[in-house]
Amino acid sequence: MDAATETAPARARMTARQRRRLARGVQYAVIVAVVAALAAAADWDRIAASFFQLDIAADMFPAVWTSFWNTIVYTVLAFAFGMVVGVPIALMRVSAFGPYRWFATAYVEVFRGLPALLVLFLVGFGVPQAFPGIQYPGGVYGQVAIGLGLTSSAYIAESVRAGIQAVPKGQVEAARSLGMGHTRTMVTVVLPQALRIVVPPLTNELVMLTKDSSLVFVLGVTTATMELSKFARNELTDTANATPLLVGGLLYLLLTIPLGLLARRLENREDKR
Amino acid sequence: MTDPIVKIEGLHKRFGDNEVLCGIDLEIAEGEVVCLIGPSGSGKSTLLRCVNLLETPTEGSITAAGHDMTGPDADLDLARRDIGMVFQHFNLFSHMTILDNLVVPQRRVCKIPKDEAVAEARRLLAEVGIEGKERAKPSQLSGGQQQRVAIARALAVKPRLMLFDEPTSALDPEIVGEVLTVMKGLAAEGMTMLVVTHEMGFAREVADRVLFLDGGVIVEQGPPAEVLTAPKTERARSFLHRVLHPVD
């Protein structure tokens, strides 16, 4: 008996469970080694000096709350515009009338295909140049609602269309057989169910918009209308330190993580129904 | 003799190249209970769904509950109020409570004031034996309960004629009876009913006339005692044999 044939039965004696445990142990060991190497290589004092200056962080308050609030306002305005435009576009997408469908399809393809930043530029600078004297309601707030809302409405329209198509056909047949007209059926039976189905994706859209609100700085904002990213960047320049970015980032997470958790909870609830 | 409540003449229905109904002529008198039986794919459901124009006929004319359904000026929404429909899968509005399933159609379709609609909904729910479930959602009810609510909902807009599309086919065997009992009660009250069913016992007991459909034509029809016990055609005989003796 040579060595090779002797180890083979030894390996075979390891059960599947033992092999899994061994594989997992190896992965843990690798991770620990990598983290330890990084920790040893990093210049901790320098990192702390760049990101964790408590006095700089403290100096950002309370001024940062204005920009934090503006981030929320921009997000909500853009989302509201996105819903007001997106739901009718979704209805047009499923319409039996061809021209409605074609228009809605073109609309979705265009605004889903353009970068949000370019649309914001178009609304903020292109349109005022083409139509001199145009006034957006609420000034920069109106510009943001439309500029970010146009892109958002395309995504919302697609989500809502998927929701409408996910409503079982029998629901429509039941409504029609009771004598409800097409529009009445849509409003009373289909849309309420469709919107319930699309609450999770719409919550994700809200998370995307929260982050996209950081684009608003290109419109040229004042202290009063500044959002979170711009504020953090200004502080970065003023203090020559990265701590404001960390604070700004944490404040974004304060908004987006609860929204993400909410979306997941709503999804689970939807699954249980 | 009064005019028939349903009158179908020369009805054809094609889906693409597939002709599902190949010339149906049928008259149903007011108060009559007609059961449609036949093998799957024979066109029973399609025929039923043509009566209220859930399916658009390819050819032929249909008059139902005094409405010219296939005419150029047909107001289908108005006509469908007079033609109740009960589906195999109940199709209760899943986002509404049981009570709202009955109240909303009355209010939105018939413009009945809320108090009246709620009172009528409660009366109908009691009639089909659903009590204490007003605030529940359809998914919290058993299939048999849902189907009874669906019958009550169809009745809420005061139809003159009821269509049943395999109302018990999606139910567990032990709860089929509770739905059939409600339907029997309805028949006893004089409601005109057109029922697609595989429940031969129900057809025998309740139907005034049984129609045997196969291959898109009415092969045989007559009183249940004749059609179900002594079918004249070989096709009906072999179908009934298969239904009544599934394993031999």
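In this text, all values refer to a predicted model and were calculated from it rather than measured experimentally.

What counts, and at which threshold
Residues numbered from 1 in each chain as written. Chains lettered and ligands numbered in written order. Predicted model: local features only at pLDDT ≥ 70, side-chain atom pairs only at ≥ 80, totals over all residues. Heavy atoms only, no water. Patch = residues over 30% accessible without salt bridge, like charges linked within 9 Å, V, L, I, M, F, W, Y side chains within 5 Å. Areas by Shrake-Rupley, 256 points an atom, 1.4 Å probe, with all protein chains shown as cover. Salt bridge = Lys/Arg side-chain N within 4 Å of Asp/Glu carboxyl O. Helix = DSSP H or I, 4+ residues; strand = E, 2+ residues; numbered from the N terminus. Buried < 20%, exposed > 50% of the residue type's maximum accessible area, 1.4 Å probe, protein only. Contact = heavy atoms within 4.5 Å. Buried area = accessible area lost by both parts, 1.4 Å probe. Pairing = 2+ DSSP bridges. Expected span 1.5 Å × (residues − 1). Axes fitted to C-alpha atoms, helices over the stretch in contact; angles between N-to-C directions. Lys, Arg positive; Asp, Glu negative; His and termini not counted. Charge placed at Lys NZ, Arg CZ, Asp CG, Glu CD. Bend = angle between axes of the 7 residues up to and from the residue.

## Quick look at a nonpolar patch on the surface
All names here are of chain A.
- Taken together, Trp44, Ile47, Phe51, Phe52, Leu246, Leu250, Leu253, Ile257 and Leu261 make up a surface patch of nonpolar side chains, about 850 Å² in accessible area.
- Counting residues per element, the ones that place at least two in the nonpolar patch are helix H3 (44–51) and helix H13 (243–272).
- For the nonpolar patch, the element with the most residues is H13, which contributes five residues.
- Secondary-structure assignment places Leu253 in helix H13.
- Taking the relative accessible area as the measure of exposure, Leu253 reaches 42% and is therefore partly exposed.

## Comments concerning the interface of chain B and chain A
- Across the boundary between the two partners, chain B contributes 23 residues, which contact 19 residues of chain A.
- Both faces considered, chain B and chain A share a buried interface measuring about 1700 Å² in area, 57% of it formed by carbon and sulfur atoms.
- Applying the counting criterion to the chain B and chain A interface returns two salt bridges.
- A salt bridge links Glu173(A) to Arg49(B); the nearest nitrogen and oxygen atoms lie 2.7 Å apart.
- At four residues, the largest contribution of residues to the side of chain B that touches chain A is made by helix H3 (residues 98–110) of chain B.

## So, the side chain of Thr256(A)
- Structurally, Thr256(A) is set in helix H13.
- If we ignore the near neighbours within four places in the chain, the residues touching Thr256(A) are Val207(A), Thr210(A) and Lys211(A).

## Thoughts on the pairing of strand E9 (residues 209–214) of chain B
Residues and elements named next belong to chain B.
- In terms of residue burial, E9 counts as a mostly covered element, since six of its six residues are buried.
- The pairing of strand E3 (residues 33–37) with E9 spans four bridges and is parallel. Residue Val34 lies in a different strand from E9, and its bridge partner there is Arg209.
- Where E9 and strand E10 (residues 217–222) come together, five bridges link them in antiparallel fashion. Opposite Val210, over in E10, you have Gly222 as the bridge partner.
- Counting the residues that bridge the hairpin from E9 to E10 gives two residues, and of these Gly215 lies at a positive phi of roughly 60°.

## A look at H3(B)
- In this model, H3(B) (13 residues) spans 18 Å end to end at C-alpha, consistent with the 18 Å of a helix rising 1.5 Å per residue.
- All of the buried residues along H3(B) are Ile98(B), Leu99(B), Asn101(B), Leu102(B), Val103(B), Val104(B), Pro105(B), Gln106(B) and Val109(B).
- As for H3(B), its buried residues are in contact with helix H10 (182–197) of chain A together with helix H2 (76–81), helix H4 (114–127) and helix H5 (143–156) of chain B.
- Positive phi shows up at Lys111(B), right after H3(B), with a value of about 55°.

## Some thoughts on the sheet that holds strand E2 (residues 18–28) of chain B
Residue and element names in this part refer to chain B.
- Spatially, the four strands line up as an open sheet ordered E2-E1-E4-E5, and their pairing is antiparallel. Every other strand in the sheet has two partners, leaving E2 and strand E5 (67–68) as the edge strands with one partner each.
- The strands touched by helix H1 (residues 44–51) within the sheet are strand E1 (6–15), E2 and strand E4 (59–64), with E1 carrying the most contacts at an inclination of about 120°.

## Section: a positive patch on the surface
- The grouping of Arg107(B), Arg108(B), Lys111(B), Lys114(B) and Arg135(B) at the surface amounts to a positive patch.
- Structurally, the position occupied by Arg108(B) is in helix H3.

## Here's the deal with H10(A)
- A bend of about 45° at Val190(A) is the largest found in H10(A), and the proline Pro192(A) appears one to four places after it.
- Looking at H10(A), one finds that the buried residues are Thr185(A), Met186(A), Thr188(A), Val189(A), Val190(A), Leu191(A), Gln193(A) and Ala194(A).
- Contact partners of the buried residues in H10(A): helix H5 (64–93), helix H8 (140–166) and helix H9 (169–177) of chain A together with H3 of chain B.

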